[in-house]
Amino acid sequence: MASIIIDGQTHEAAEGKNLLEATLSLGLDLPYFCWHPAMGSIGACRQCAVVQFKDEEAAREGKGKLVMACMTPVADGAIFSLNGDEARGFRRNVVESLMINHPHDCPVCAEGGECHLQDMTVMAGHRDRRFRGRKRTHRNQYLGPLVHHEMNRCITCYRCTRFYNDYAGGRDLAALAIRDNVYFGRHEEGVLESEFAGNLVEVCPTGVFTDKPLAHDYTRKWDLQSAPSVCMACSVGCNTLPGERYGELKRVHNRFNAAVNGYFLCDRGRYGGGYVNSERGLRYPGLRGADGKYEALDHHRALQHMLHVCAGGSVAGIGSPRASVEANYLLRLLVGEENYSPGFGIDEDQLVREVARLLQGTPATIPDLRAIESADAVLVLGEDPTQTAPRIALALRQSVRNRAFDIGAELGLQRWQDAAVRNLAQDRRSPLYIATVADSRLDDVAAASLSLAPPDIARLGEAVAARLAGGDADAPEPIDRGLFDAIVDALSTAKRPLILSGTGSGSAEVPRAAARVARALSDRGSAAMLSLTVPEANSLGQALLAGEEAPGLDDVARGGARTLIVLENDLYRRGPAVAIDRLLDAFEHVVVLDGLDNATTSRSELALPAASALESEGTVVNLEGRAQRFYPVLRPAGERRPAWFWLLATMVEQERPEVRDLHCFDDIVRACARSVPLLAGMQDAAPTRDYRNRGQRIPRQPPRYSGRTAMHAHESVHEPRPVQDEETPLAWSMEGMLPGTPAALLPFVWAPGWNSNQALHRFQAEVGGALHDGPAGVRLLAPAAGKTSIAAAQSAPFAAQPDRWLLVPRPRVFGSDELSAMSPPIAALTVTCLELSPADAESLGVADGDGLTVDGETTLEVRINPRMVAGCAGYSAGCPGTAGLRPLSTVSLRRADNWRRPRARIIGSDGGGRV
């Protein structure tokens, strides 16, 4: 630690940090624009100017020099002035110059009230506008259905391009400049290509990039009710802050968690919550009559019918990897372990259970986000993480910079000196090797990228593991021997090697081979890391809950049960329609608990409306084994209730002894933790409902929340008493205590003078670090102490067959997830296709946009991919129209005679529509 003096006061600060970080960490206010804790310093905006003095005598005489705090390292004995006239005057002049061309349109700006520029302008002391000349104006661009563009508000801080290009790897947004005219946009208008473009909304300190879905149904930011939540769109489990108004979800913002998602979200997580507002939402229980039509019931009659169909105890249950651990636990308790299926897809079941087994048995570290970013050599086997676990892919982009940071450190450069480190390192990166069936969105930063069929990917992993274990294994065909040796050498010499795989390839042998590589590295004494992705938000939690003996979908009907209960699971996405029809026909009664109308609810006798993750509380377990709690941000409409409520009420009415002591949600959490050893720590994921912050609940509504009476004026002109939340420590009001709130319960960030998301530093132990009480959630898995056996992959070399193709899954970030695909902005970006190599397309006589029929049943649009392995056909797994396709099956392909090429899609509208 270094001792520094700021305006006559002595402070302790971490030596080597920049002064701006140190100042903010000390709780002092200093304006800034271009600096961002995740992206370092470039000194572009000049807004964080302070005066530095050579010694105490110079400080007394007021003789110092202006320096930029973000570019000045902390050193012991340094003396600075933040509030002296010279520093304050300079900062005031800088912000005035930045505001010369700003439109001053705060009353109509979508960023108003949550604008970093507003905060910094006030903080810098600029009040009166003196410029009377003509302002420079720009033409805005159409950037797609997610992000709205208002270029006239730009202050040229360069945050947008630094994030989009340097941090996220985008290539279609740039600073286009001539003389003093700088324009941040695309070379021509069109949809932003990066899967992380939505972060521009939070990164931009002004209103240049704003949330387009929110703008179409706008609500002032200070009127948004919020609560801590977890993204349900993939298995990463990013922490989110959904915003609600008038009973509808308006937007989703990032909730900082240093170990999971840091400062950023992918666009699927940010814009995929629109399903909550869908007209397909179920509000009331429905009972199918003899004519096939549903009669709406109240919850009392619905429970009575539930008791009727469950009478006699002959009940089976199918859980869901998108439902909470607690709801699945109660369903398993209701039907019995032998009659409970975790609800994985027919072809997914073995994959997820294998990943759970591998993670429980590996001696390698299961890394969080920060650990992934620290990796100095990475091998990716069979996974395109940008499509299956996007936030992990963004972390991998940062990991390749570790070589640059090492080079900079040799010359005394700090990690935050971003421009200097980039200029010094140029294209020198830490090694990242990728083996997938076709191209990957990380290929641009990879040392090498191989296109291999899944069997050959498994063989590559086995060969690497054998060589690392001391054997003389050589490169398997068709892999180049020199490249194979480079992979082995990079992993064996790395200090923190990472092996990443998962279920994305459709082959259980691929993650098994990855685990064997991690085992071999661990046996060599390396600090190896193993990260395995799974398909859904609670897939790993389901595998830990159900265990290895639970029946799959194919087996759930064999117990002879009379009634089937399906929990938040559209089974027609889990396998071919014929197989699902056969499954449901095997039962006399089918009860479905779900929040959305889908093909499975349409087959039910009784449909019970289950609250979504944004309307209820629950726990999910992410891909690293971290149990995290989510809380309701809006109250369920109509008769919708949390799934755990319906199931618990059923067992209470049955007078089951197992639930005699379960009176609230916390009781369910504790019961689950007691009865399932692998979930024993989940009760520590968040405080209980009795938690109070200095005697008060935690408010969901910010201090400036307005209109509470007006919203209910059609009912009464008197302000109603806020509804009491009996299940959580949160309040449905603005009354409560925010400072000191635990990370798991933090509903929003706000501090006096800091109305934007930049207020986060007031809740961190140090800027860029964890929140005051550490990351939210609790880890359930730890490296295995002893050796567990991992069977070697037995894959034969892949060989293309005449007139037959290996069907391989190609998940997509937009469309492969069931819930986010129902959100209109995400649906607009969804593309379902079949990818072929150029040689295969030529042999079939098809071109881009033509149709191909798979095994005479499913017809998909053709996309020619030069990187696709010949003899393989990649389908958009999980996207509409692909549920009947079986991964790694061998199929015939035939040109579709009556196929009509798809017309250009209208994916958004800015006054007339754009294609």
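Please refer to the structure higher up on the page.
Everything quoted here is computed from the prediction, not taken from an experiment. (Residues numbered from 1 in each chain as written. Predicted model: local features only at pLDDT ≥ 70, side-chain atom pairs only at ≥ 80, totals over all residues. Heavy atoms only, no water.)

Some details on the packing of helix α17 (residues 454–468) against helix α19 (residues 509–523)
Alright, step 1. Contact geometry of α17 with α19 gives a least axis separation of 8 Å together with a crossing angle of 15°. Between α17 and α19, the angle is such that the two are roughly parallel. For the crossing formed where α17 meets α19, the hand is left-handed. Taking contact as the criterion, the partners of P454, I457, A458, G461, E462, V464, A465 and L468 in α17 are, on α19, E509, V510, A513, R516, V517, A520 and L521.
Alright, step 2. For the contact of α17 with α19, the class distribution of residues is 11 nonpolar, 1 polar and 3 charged. (Axes fitted to C-alpha atoms, helices over the stretch in contact; angles between N-to-C directions. Helix = DSSP H or I, 4+ residues; strand = E, 2+ residues; numbered from the N terminus. Parallel < 35°, antiparallel > 145°, perpendicular 65-115°, else oblique. Left-handed = near helix turned anticlockwise from the far one by under 90°. Contact = heavy atoms within 4.5 Å. Nonpolar A, V, L, I, M, F, W, Y, C, P; charged D, E, K, R; others polar.)

Regarding the pairing of strand β21 (residues 497–502)
The two faces of the sheet receive side chains in turn, since in a regular strand these alternate between them.
Alright, step 1. For β21, the buried fraction is high: 6 of the 6 residues fall into the buried class.
Alright, step 2. Of the two faces of β21, the one lined by P497, I499 and S501 and the one lined by L498, L500 and G502 are each fully buried.
Alright, step 3. Pairing of strand β18 (residues 377–381) with β21, which is carried by 4 bridges, proceeds in the parallel orientation. Within the sheet, the bridge partner assigned to V378 lies in β21 and is L498.
Alright, step 4. Across 5 bridges, β21 lies against strand β22 (residues 529–533) in parallel orientation. Paired with I499 across the bridge in β22 is L530.
Alright, step 5. Viewed along the sheet, the connection from β21 through α19 into β22 turns out right-handed. (Buried < 20%, exposed > 50% of the residue type's maximum accessible area, 1.4 Å probe, protein only. Pairing = 2+ DSSP bridges. Right-handed = clockwise from strand over helix to strand, strands pointing away.)

Observations regarding the sheet that holds strand β30 (residues 778–779)
Alright, step 1. What the 3 strands build is an open sheet, ordered β26-β27-β30; its pairing is antiparallel. Each edge of the open sheet is held by one strand with a lone partner, namely β26 (618–621) and β30.
Alright, step 2. Pairing between β26 and strand β27 (residues 626–630): 4 bridges, direction antiparallel. When the bridges of β27 are listed, T619 appears paired with R629.

Quick word on the side chain of D594
Alright, step 1. Following the sequence through the fold, D594 ends up in strand β24 (residues 589–594).
Alright, step 2. Note on D594: relative accessible area 1%, which makes it buried.
Alright, step 3. Of note is the side chain of D594, whose polar atom sits 3.1 Å from the side chain of N598.
Alright, step 4. If sequence neighbours within four positions are ignored, D594 has contacts with L282, R322, E568, N569, D570, T601, L608, P609 and A610. (Polar contact = N/O pair within 3.5 Å; in protein donor to acceptor, adjacent residues only side chain to side chain.)

Details of helix α9 (residues 299–310)
The α-helix advances 3.6 residues per turn, and as a result positions three or four apart in sequence lie on the same side.
Alright, step 1. The end-to-end C-alpha separation of α9 is 16 Å, in line with the 16 Å expected for 12 residues at 1.5 Å each.
Alright, step 2. Among all positions of α9, only H299, A302, L303, H305, M306, L307, V309 and C310 are buried.
Alright, step 3. Tucked inside the fold, the buried residues of α9 contact β14 (286–288), β16 (315–318), β23 (563–567), β24, β25 (606–609) and α22 (643–653).
Alright, step 4. Sitting at the head of α9, D298 places a side-chain oxygen 3.1 Å from the backbone nitrogen of H300.
Alright, step 5. Taken from the residues just after α9, G312 is the one with a positive phi, measuring 95°. (Expected span 1.5 Å × (residues − 1).)

Things to note about the packing of aromatic side chains
Alright, step 1. One pass over the structure, following the stated rule, counts 11 aromatic pairs.
Alright, step 2. Ring geometry for F256 and Y263: centres 4.7 Å apart, planes at 55°, overall tilted.
Alright, step 3. Judged by its relative accessible area of 6%, F256 is buried.
Alright, step 4. By way of ring pairs, the aromatic residues F163, Y167, F256, Y263 and F264 are connected into one cluster.
Alright, step 5. Taking the ring centre of Y246 as reference, the NZ or CZ of R245 above it sits at 4.9 Å.
Alright, step 6. A cation over a ring is seen here: R245 above Y705, with NZ or CZ 5.0 Å from the ring centre. (Phe/Tyr/Trp six-rings, centres within 6.5 Å; stacked < 30°, edge-to-face > 60°. Lys NZ or Arg CZ within 6 Å of the ring centre and 35° of its normal.)

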